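Structural description and commentary
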There are 2 protein chains.
Amino acid sequence: MNSIPDLSSLLRPIRLQLDGVDTLLHAVLERADEPVRSALAPLLDGGKRLRPAVVLLIARLYNRESAPFERLAAALEMLHTATLIHDDVIDQAQLRRGHQTLHTMWPTGPAVLAGDYLLAEAVSVTAALGIPRIVQILADALRAMCAGEIKQALQRERPSDLREAYYQTIEAKSASLFAAAAEMAGLLAEAGEAQVDALRTFGQELGIAFQMVDDILDLTGASAELGKFPGADLQQGLITLPVLVYLEMAEDATPVQSVLNGKRDAERVSTAVQAVLDSGAMELASEEARTHAVRGRAALCILPDNTWRHILDDLLAFVVQRRS
Amino acid sequence: MNSIPDLSSLLRPIRLQLDGVDTLLHAVLERADEPVRSALAPLLDGGKRLRPAVVLLIARLYNRESAPFERLAAALEMLHTATLIHDDVIDQAQLRRGHQTLHTMWPTGPAVLAGDYLLAEAVSVTAALGIPRIVQILADALRAMCAGEIKQALQRERPSDLREAYYQTIEAKSASLFAAAAEMAGLLAEAGEAQVDALRTFGQELGIAFQMVDDILDLTGASAELGKFPGADLQQGLITLPVLVYLEMAEDATPVQSVLNGKRDAERVSTAVQAVLDSGAMELASEEARTHAVRGRAALCILPDNTWRHILDDLLAFVVQRRS
């Protein structure tokens, strides 16, 4: 893979269109009454805007007029933010995108409803594109996300096949929405069926690689979320990719097992993180993320060969090389 | 208004179509994985099916093939159930449709996600009808419901105009979805613009009248929800219609004010309920509900004059005359 510039340079060619997405998101805030407006504003403001970027790059790939793609991109960012609001209620998270989470400021009820409000806006904006199939893909992605998260939240004992469970989880959590974003953009661009399939695969692999690198960054403490410490996911009992790889190869996994079994004091978490770092699991996990990026790149082959395809390729490279 | 038969007799002419809706709801459960399936089954099973009935009667009014209307009706019932799941999380309610509420069996997180799952299904089924405008109406109704409920949940002091606040609340809570149901059915039937508007008004007034009678039944303890006692809403500090009317006319409203101000023991609630019953506020509240039913009936005038319009009329009469 190429050595890649930072995200902001990478997305410079679609900066105007990304600004257009921000304008649409602000319009959604404008038409919300208080207190919904002030509550949602900081949540819609942050984020890497990767899903919108995928949509906007696909518009350019097919040389399409930008406006409807900006609306689709805004809808995806709203749906994504809505799921983050509900996730934060569930996880009782304190910070999101550098701001206090909504449920720390509001009671649970209105926080849940604010997520629903954004879901409704996302559906409304998507429906206004006039292509029912695109709405269905959005809804099906949401359904897959919910089903996966419910399953994960309610499982009483550790699944017997940890690797299978891990892939199911990250597909629900990240890959399904990236895959939907790329597929919807392909349909909106009126790409042929084979190309839409390829775009979906690209989105899927991008989402998987993205989540895997998130997992890796959790252990180095370089996670994008402010206020996180190394091993925050592990402390919550989550089996992230490096932990999974470690469990698959460690002769004596006691330091990590004891945290997973509920002994979650800071010292034990720190010892467990060090054990994973010392084991070589991080390198293997990075390798696995790169494998998915390569698969994403392979899917791009049948798409129009122009600058924009190369930027999609660079986006894959960015996702696996990023340090935060 | 006519004296009307019970709901089951009233809906007998569309019994087959209502069974079709049940079949579609079961199909949604069938495609859900466990534990989502078992959790949602009892919630989707109960209820009066009033929103589906409105949709199915409008199909017959225009002599349209039933299948797409059954799908729309199922989507509305799913959306309605999804909002009930989230409402029950918010209110910490124990019973719904005679069953334990979902959040009493599951942690808050998965219960919220199960609501999202049903929202996604509702959107997907609606989108499959192939008419983007209908999806937008569904989404806009959801948005209005959320905005209204957030506002109500977060208000720190009692609003200065209680009557205006009451109408805003019930429009968000009940009327918006009934109005959307009738409007969507009209669009699906390809009724003309004026008739679609009339149907929306019919739905709106039906929803307002329905909620007003719910308010009245709360004070007589005849509420359809098992395990409720007279004045359950009042005990929660909610200003229902009879309470509003009482506050508007009572010279000394102390018994009710003290409950609203937070003294919510059983004896004070019982005294407050008796004060409202003795005041004549119930009769005035019933009269107000009937006024909205009459407005709903007036909206029906421009629709095709056939048996089905008369059943829509009877539905209005049922809603204001019902005793549970």
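All values reported here derive from a predicted model rather than from experimental measurement.

A count of helices and strands for chain A gives 16 helices and 2 strands. With the C-alpha coordinates of chain A rotated into their principal frame, the extents come out at 55 × 45 × 35 Å. Taking the contacts inside chain A whose residues are at least 6 apart along the sequence as the reference set, 73% of them involve residues at least 24 apart.

A word on the packing of helix α2 (residues 15-31) of chain B against helix α4 (residues 50-61) of chain B. For any two helices packed against each other, one specifies the crossing angle of their axes together with the interaxial distance. Residues and elements named next belong to chain B. Contact pair α2 / α4: the axes reach a minimum separation of 10 Å and the direction vectors enclose 125°. As summarised for this structure, α2 and α4 are arranged oblique, according to the angle between their axes. The hand of the α2/α4 crossing is right-handed. The segment α2 lies against α4, with Gln-17, Leu-18 and Val-21 engaging Pro-52, Ala-53 and Leu-56. Its residues assigned to classes, the contact of α2 with α4 shows 5 nonpolar, 1 polar and no charged.

Each partner contributes residues to the interface: chain A has 38 residues there, and chain B has 38 residues. Only α5 (67-91), α7 (108-127) and α8 (132-154) of chain A provide two or more residues apiece to the side of chain A that touches chain B. Along the lines of polarity and charge, the residues of the side of chain A that touches chain B split into 25 nonpolar, 6 polar and 7 charged.

Copy one and copy two of the chain differ by a rotation about a common axis and a shift along it. The two copies are related by a screw motion: chain A maps onto chain B through a turn of 180° and a shift of 0.0 Å along the axis, at an RMSD of 0.0 Å. Viewed as a symmetry operation, the transformation between the two copies matches a two-fold axis. For chain A, the minimum C-alpha distance to the rotation axis belongs to A:Pro132 and amounts to 2.9 Å.

In this section: helix α9 (residues 162-188) of chain B. With 27 residues, α9(B) should reach 39 Å at 1.5 Å per residue; the first-to-last C-alpha distance of 37 Å fits that figure. At the C-terminal side of α9(B), B:Glu190 shows a positive phi close to 55°.

Residues and elements named next belong to chain A. Running from N to C, α7 and α8 cross one another at 155°; their axes reach a closest spacing of 9 Å. Taken together, the axes of α7 and α8 lie roughly antiparallel to each other. The hand of the α7/α8 crossing is right-handed. Packed against α7, whose contacting residues are Val-123, Thr-126 and Ala-127, the element α8 presents Ile-134, Val-135 and Leu-138 at the interface. Here the residues of the contact of α7 with α8 sort into 5 nonpolar, 1 polar and no charged.

Glancing now at the nonpolar core. It is characteristic of soluble globular proteins that their nonpolar side chains tend to be buried jointly. Formed by 223 residues in total, the largest nonpolar core has its most connected members in A:Ala185 and B:Ala185. Setting aside its immediate chain neighbours within four residues, B:Ala185 contacts B:Val54, B:Val55, B:Ile58, B:Ala59, B:Phe69, B:Leu72 and B:Leu199.

Further remarks concern helix α4 (residues 50-61) of chain A. Residues and elements named next belong to chain A. End to end, α4 covers 16 Å across 12 residues, agreeing with the expected 16 Å (1.5 Å per residue, within 8%). Counting buried residues in α4 gives 12 out of 12 residues, a clear majority hidden from the surface. The secondary structure elements touched by the buried residues of α4 are α2 (15-31), α5, α9 (162-188), α10 (193-220) and α16 (307-321). Where α4 terminates, the next one or two residues include Asn-63, which has phi positive at roughly 55°.

Attention now moves to the environment of B:Val273. Checked against the element boundaries, B:Val273 lands in helix α14 (residues 266-278). The exposure class of B:Val273 is buried, given the 25 C-beta atoms found within 10 Å.

Conventions used here
- Here the residue numbers are simple positions, counted from 1 along each chain's written sequence.
- Written order determines the labels here, with chains lettered from A and ligands numbered from 1.
- A pLDDT threshold of at least 70 governs which residues receive local features in this predicted model, and a stricter bar of 80 or more applies before side-chain atom pairs are shown or counted, although totals over entire chains, interfaces and linings include all residues.
- Going along the chain from the N terminus, every DSSP run of H or I of four or more residues is numbered as a helix, and every run of E of two or more is numbered as a strand.
- Here, residue contact means that the backbone-derived C-beta atoms of the two residues sit within 7 Å.
- To get an axis, a line is fitted to the C-alpha atoms, and for a helix only the part in contact is used. The angle between two axes follows their N-to-C directions and goes from 0 to 180 degrees.
- Convention used here: angles under 35 degrees read as roughly parallel, angles over 145 as roughly antiparallel, angles from 65 to 115 as roughly perpendicular, and any remaining angle as oblique.
- Put simply, a crossing is left-handed when the front helix is turned counterclockwise from the back one by less than a right angle, and right-handed when it is turned clockwise.
- As a working rule, the residues Ala, Val, Leu, Ile, Met, Phe, Trp, Tyr, Cys and Pro are called nonpolar, Asp, Glu, Lys and Arg charged, and the rest polar, with Gly in that last group.
- Superposition of the copies was done by least squares, using only C-alpha atoms of residues whose pLDDT is at least 70 in both.
- A helix is expected to span 1.5 Å multiplied by its residue count minus one.
- Residues of type Ala, Val, Leu, Ile, Met, Phe, Trp, Tyr and Cys that are buried and joined through C-beta atoms within 7 Å form what is called a nonpolar core.
- The burial label depends on the number of other C-beta atoms within 10 Å of a residue's C-beta. Counts of 20 or more mean buried, 12 or fewer mean exposed, and intermediate counts mean partly exposed, with C-beta atoms placed from the backbone.

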